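Chain and residue survey
The primary structure of each chain is shown beneath.
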Amino acid sequence: MIQSGTINKSLQINGNTYIKQTGARSGKNAFLLSLLMASALLNFLITNSVVSLIIQFPVALGLVAVNYRLFGKFEKLVMLCGIVFIMVETVLYKDFGSSLTYLNSLVLIICFNNIALKRRHMSKIFIASSLLMLFFIVTASRDGVYYVFISGRQFNPNTIGILLFVALVLGVSGINNLFATKMAKRVLGIILFCVVVYLQIQTAARTTLAAEIMYVLIVFVRNKVKIFKNEKHFKALIVFGFLVCLLIPVVYVALYNHMDGQSITILGKNLFTGRQNIWQDAFRMIGENPIFGVGNEEKYIGNFESAHNSMLAIWKTSGAILLILYVISFVIAKPKLAKQVDIDLFMRCAIIPVIFIAAFETILTDSNLYVFALLPILNKVIVRRKAYDK
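Residues numbered from 1 in each chain as written. Predicted model: local features only at pLDDT ≥ 70, side-chain atom pairs only at ≥ 80, totals over all residues. Heavy atoms only, no water.

A few points about the confidence of the model for the chain
- When pLDDT is averaged across the chain, the result is 79; 79% of the residues are at 70 or more.
- Taken element by element, the chain is modelled with least confidence in strand E7 (residues 383-384), mean pLDDT 48, and with most confidence in helix H13 (residues 351-358), mean pLDDT 91.
- In the predicted structure, residues 1-15 sits below a pLDDT of 50 and forms four contacts with residues beyond four places in sequence or in another chain. (pLDDT = per-residue confidence, 0-100. Helix = DSSP H or I, 4+ residues; strand = E, 2+ residues; numbered from the N terminus. Contact = heavy atoms within 4.5 Å.)

Here's what the structure looks like:
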């Protein structure tokens, strides 16, 4: 009969081994994550998105190599199925760029579910990324409702709005992990929020402004909401959120048809901005091939590339199988010896706002934005306990 003391000693040994392993991995993960964030930011300064995509793929493979032993069997199976299915999609539609984007996304989801960083590494990466995004936006010139970067590349208000939201989330998390005093955290957090909201109002992007307000309200009640601390409940929230994300276009189109073309004005803008036409066309294309999708070559209503909904974008482009694998990959992780790591609630509070944005934008499928968006959603074990953070 095995004594309880033996079990406790075994757990302690395994825990110490885990901490040593994550300590050795933390520097490598921090370096790779820095490259990943830099490649995504680089794409906002150059016109060729292929460059950042080429950088991101080997970095994603590097994260897999460093953290592969932490992956569970089911995670490895999902990743393998995703790779095989994406290869089939590439052969069917000869769309290597989109396939690589979705493969990167799937791999990073599983990686972000398992990596553990030292607190000082994580906070510096997040603060640096937040400041760089704000610098790009503040120093950009403006042409009507468009910001224009120094390189001359234009971005619409929705893209700028998403960047501002991500800058807020990364900045708040970094500040609260880097600084020790409550006064410094509150003052810097308030300054960051005011700057982001001021810039957000200039973009006139309603979705991301609502997401930022939502995020701040959730942060205030984070310690009272148990769902963020309970892993099973949190996973259920993610699945429920994605279902709602998929249902919103259905309800939106139904409401538009019910109103028979009449407008509904919110904050001085018509609720029906044209997404109803894109979503109706997306439903049509999904109906043509719901299992494998129709690829990325066919545009929405003739000339629009964005589905303005992350779930519809995956389903239309790659079919229901990849969509299911994508959602499963968010909830299959079972972090080893979770007692040795902390959950960063400031990042986890972003889950609801991120899924809210995903219902109206392709934040989870864009080749660069998903790098930023997946970090808040998947911050399960990314911060090690202070007692082990040496």
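Having seen the model, we can carry on.
A short note on the nonpolar core
- Grouped together as the largest cluster of nonpolar side chains are 102 residues, with contacts concentrated most on Leu108, Phe112, Phe165, Tyr215, Leu364, Phe372 and Leu374.
- Not counting chain neighbours up to four residues away, the residues in contact with Phe165 comprise Gln200, Ala211, Glu212, Tyr215, Ala350, Pro353, Val354 and Ile357. (Core = buried A, V, L, I, M, F, W, Y, C linked by side-chain atoms within 4.5 Å. Buried < 20%, exposed > 50% of the residue type's maximum accessible area, 1.4 Å probe, protein only.)

Digging into the packing of helix H6 (residues 157-178) against helix H8 (residues 206-220)
- Put simply, H6 and H8 touch, their axes get as near as 9 Å, and they point 15 degrees apart. Compared by their axis directions, H6 and H8 come out roughly parallel. Relative to H8, the crossing made by H6 is right-handed. Contacts between H6 and H8 involve Gly161, Ile162, Leu164, Phe165, Leu168, Val169 and Val172 from the first element and Thr208, Ala211, Glu212, Tyr215 and Val216 from the second.
- For the contact of H6 with H8, the class distribution of residues is nine nonpolar, two polar and one charged. (Axes fitted to C-alpha atoms, helices over the stretch in contact; angles between N-to-C directions. Parallel < 35°, antiparallel > 145°, perpendicular 65-115°, else oblique. Left-handed = near helix turned anticlockwise from the far one by under 90°. Nonpolar A, V, L, I, M, F, W, Y, C, P; charged D, E, K, R; others polar.)

Some words on the pattern of salt bridges
- As enumerated under the stated definition, the model contains three salt bridges in all.
- Residue Arg275 is joined to Glu361 by a salt bridge in which the shortest nitrogen-to-oxygen separation is 2.6 Å. Taken together, the residues Arg275 in helix H10 (residues 275-288) and Glu361 in the loop between H13 and helix H14 (369-377) connect sequence positions 86 residues apart. Taken as a pair, Arg275 and Glu361 share a single burial class, namely buried.
- When salt bridges that share partners are traced, they join Asp281, Arg284 and Glu288 into one network. (Salt bridge = Lys/Arg side-chain N within 4 Å of Asp/Glu carboxyl O.)

Topic: the packing of aromatic side chains
- Counted by the stated rule, this structure contains nine aromatic pairs.
- Centroid distance Tyr252 to Trp279: 5.0 Å. Interplanar angle 75 degrees. Geometry classified as edge-to-face. Taken together, the residues Tyr252 in helix H9 (residues 231-259) and Trp279 in helix H10 connect sequence positions 27 residues apart.
- What makes Tyr252 buried here is its relative accessible area of 9%.
- On the numbers, 6.3 Å between centres and 40 degrees between planes, the contact of Trp279 with Phe360 is tilted. (Phe/Tyr/Trp six-rings, centres within 6.5 Å; stacked < 30°, edge-to-face > 60°.)

Topic: the environment of Gln280
- Structurally, Gln280 is set in helix H10.
- Under the relative-accessibility criterion, Gln280 is labelled partly exposed at 31%.
- For Gln280, the contacting residues outside a window of four places in its chain are Val253 and Asn257.

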